[in-house]
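Here are the chains, one letter per residue:
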Amino acid sequence: MRVAIIGQGYVGLTIALGAAGAGHSVVGFDVNEALVTGLNSGKSHIEGIFDKDLSGLITTGTYTASADPTVLDDCEVIVIAVPTPLDSDRNPDLSYVHSASDLISQHVSIPALVVNESTSYPGTLRNEIAARIKGVDHLYASSPERVDPGNTTWGTKNTPRLIGGLTPPALARAREFYGSFCDSIIEVSSPEVAEAAKIFENTFRQVNIALVNEFAQIVDALGISVREVLDAAATKPYGFMPFNPGPGVGGHCIPVDPSYLAHVANQVGVPATFIKRANEVNLAMPAYIVKRVIAGSGGSIKGKRVIVVGVSYKSNVADTRETPAAAIIDLLREQGAIVTWHDDLVATWRGESSLSIAGADVAVIVTKHDGVDLAAIRACGYVFDCTGQIAGVDGI
Ligand SMILES: NC(=O)c1ccc[n+]([C@@H]2O[C@H](COP(=O)([O-])OP(=O)(O)OC[C@H]3O[C@@H](n4cnc5c(N)ncnc54)[C@H](O)[C@@H]3O)[C@@H](O)[C@H]2O)c1
């Protein structure tokens, strides 16, 4: 099939290469021209997508990137994989989805299968995409992406894929497309079921992470090790699923998607109390971390050199979107600490550069990438570990 993927970020590039690998003729369309140039020269910007695989597909002619929307013209399948962030009031910002839909309206003149993979609330495909695209009778389906960047066990091929069609022919066409490169296809009765399932998956994580973050604070105040308690609880072979406490939640999904659900809940008059409370608990974690760091450093960090280690939101991934490291650094500075940061995967961030760990009085480990210099961390006067992965130091 001739396939266009709108948006070549974490989701779009992953799916583009999955489809190209199955022999489809894929064009990755993105408005970011520098990104397109890089992709066409065989440079991947996503962990887990290797330059050699990208170059191989470019050489065989199955993948190309473009910033020219006319490439959408004769495509049989068009996948939308654009950002779905929150606006300044933490309400859904569907402007990227709308602009992708408008491009389809302007450029696609033959009936195609239009799939939305961007995460959004139930009703988005029907009301915000299909209703917006005029002139041509396309087939519409929703197939929310479940990619977990950096996960080497679960990828596009072996992660079960949900699909919901606006009509039975749309569902059949989506099955044909995704069945060509995904092992397991789960058909649901409507796009709204697929959209709601995805948003509930992420809300489930957000709420459980908040619960364990609150629990960590309770048991610490009781003088009990939260990690030991969690290890003990996880020995129950049924009815328990372990989540780890940490500095908060980051990335494009967990801090954002539940607010999409809260938005529609509000519209239908149902209070989304768990989501609201989970947001509050997770957003308050940086303040809790800083309080613990101050207590562990003898009651003050004024004038102390603090290194924050790992500023991306997740191990072995360079993504700094919504990272709790930002609030931790800001709060430490408000307390008079001299704060720098180190991240083996992030060279520059917020106008600052990654600096050496050596010589700090205090190290705060927000995210631990494989291969980080543990000896340098341990050489700091006081270490606070938010990850639970460094034995024998203070932390949660
Ligand atoms: N990152 C993840 O782990 C993940 C996992 C599952 C689902 N999702 C969802 O997938 C969607 C995309 O997320 P992402 O992480 O890939 O985002 P991203 O920011 O990595 O990539 C989005 C890309 O879309 C491009 N873009 C924006 N508007 C465009 C337009 N009108 N036309 C063409 N390109 C456009 C941007 O330039 C960018 O390169 C979001 O809804 C997100 O919630 C993300």
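Residues numbered from 1 in each chain as written. Predicted model: local features only at pLDDT ≥ 70, side-chain atom pairs only at ≥ 80, totals over all residues. Heavy atoms only, no water.

1. Topic: the sheet that holds strand E2 (residues 25-29)
Read across the open sheet, the eight strands follow the order E3-E2-E1-E4-E5-E6-E7-E8; overall the sheet is mixed. Two strands lie at the open edges of the sheet, namely strand E3 (63-66) and strand E8 (185-188), each paired on one side alone. On average, adjacent strands in this sheet sit at an angle of 25 degrees to one another, irrespective of strand direction. Against the sheet, helix H6 (residues 168-179) engages strand E1 (2-6), strand E4 (77-80), strand E5 (113-116), strand E6 (139-142), strand E7 (161-165) and E8, with an angle of about 155 degrees to E7. (Pairing = 2+ DSSP bridges. Helix = DSSP H or I, 4+ residues; strand = E, 2+ residues; numbered from the N terminus. Axes fitted to C-alpha atoms, helices over the stretch in contact; angles between N-to-C directions. Contact = heavy atoms within 4.5 Å.)

2. Notes on the packing of aromatic side chains
Scanning all chains against the criterion turns up six aromatic pairs. Relative to Phe-181, the ring of Tyr-178 has its centre 5.7 Å away and its plane inclined at 50 degrees; by these criteria the two rings are tilted. Each of the two residues, Tyr-178 as well as Phe-181, counts as buried. Considering the side-chain rings of Phe-204 and Phe-243, the 5.8 Å spacing of their centres and the 65 degrees angle between planes classify their relative orientation as edge-to-face. Here Phe-243 lies in the loop between helix H8 (226-233) and helix H9 (257-267) and Phe-204 lies in helix H7 (residues 191-221), a separation of 39 residues in the sequence. The partly exposed category is assigned to Phe-204, whose relative accessible area is 35%. When the ring centre of Trp-349 is taken as origin, the NZ or CZ atom of Arg-350, which lies over that ring, is 4.7 Å away. (Phe/Tyr/Trp six-rings, centres within 6.5 Å; stacked < 30°, edge-to-face > 60°. Buried < 20%, exposed > 50% of the residue type's maximum accessible area, 1.4 Å probe, protein only. Lys NZ or Arg CZ within 6 Å of the ring centre and 35° of its normal.)

3. Some words on the site of the ligand
Near the ligand lie 28 residues; those nearest to it are Val-11, Asp-30, Thr-84, Ser-99 and Thr-119. One of the side-chain N or O atoms of Asp-30 is found 2.6 Å from an oxygen atom in the ligand. At a separation of 2.9 Å, a nitrogen atom of the ligand approaches a polar side-chain atom of Ser-99. For the ligand, the protein covers 90% of the area, taking 840 Å² as the surface of the free molecule. Per element, the largest residue contribution to the shell around the ligand is four residues, and it comes from helix H4 (residues 95-107). The residue makeup of the shell around the ligand, split by class, is 15 nonpolar, nine polar and four charged. (Near = heavy atom within 4 Å. Polar contact = N/O pair within 3.5 Å; in protein donor to acceptor, adjacent residues only side chain to side chain. Areas by Shrake-Rupley, 256 points an atom, 1.4 Å probe, with all protein chains shown as cover. Nonpolar A, V, L, I, M, F, W, Y, C, P; charged D, E, K, R; others polar.)

4. Digging into the pattern of salt bridges
A complete count under the given rule lists 23 salt bridges for this structure. In this structure, Glu-117 and Arg-161 form a salt bridge, with 3.6 Å as the shortest nitrogen-oxygen distance. Of this pair, Glu-117 sits in the loop between E5 and helix H5 (124-130) while Arg-161 sits in strand E7; the two residues are 44 residues apart in sequence, bridging distant segments of the chain. Both residues of the pair, Glu-117 and Arg-161, belong to the buried class. Between Arg-126 and Glu-192 there is a salt bridge, with its nearest N and O atoms 2.7 Å apart. Taken as a pair, Arg-126 in helix H5 and Glu-192 in helix H7 lie far apart in primary sequence, 66 residues in all. (Salt bridge = Lys/Arg side-chain N within 4 Å of Asp/Glu carboxyl O.)

5. What about the environment of Val-31?
Tracing the backbone through its elements, the reader meets Val-31 in the loop between E2 and helix H2 (33-40). When its relative accessible area of 70% is taken as the criterion, Val-31 is described as exposed.

6. Re unusual backbone geometry
With the exception of glycine, most residues fall at negative phi, and the peptide bonds are largely trans. If you check the backbone angles, Glu-322 has positive phi at about 55 degrees while not being a glycine. Along the chain, Glu-322 turns up in the loop between strand E9 (305-309) and helix H11 (324-334). The partly exposed category is assigned to Glu-322, whose relative accessible area is 45%.

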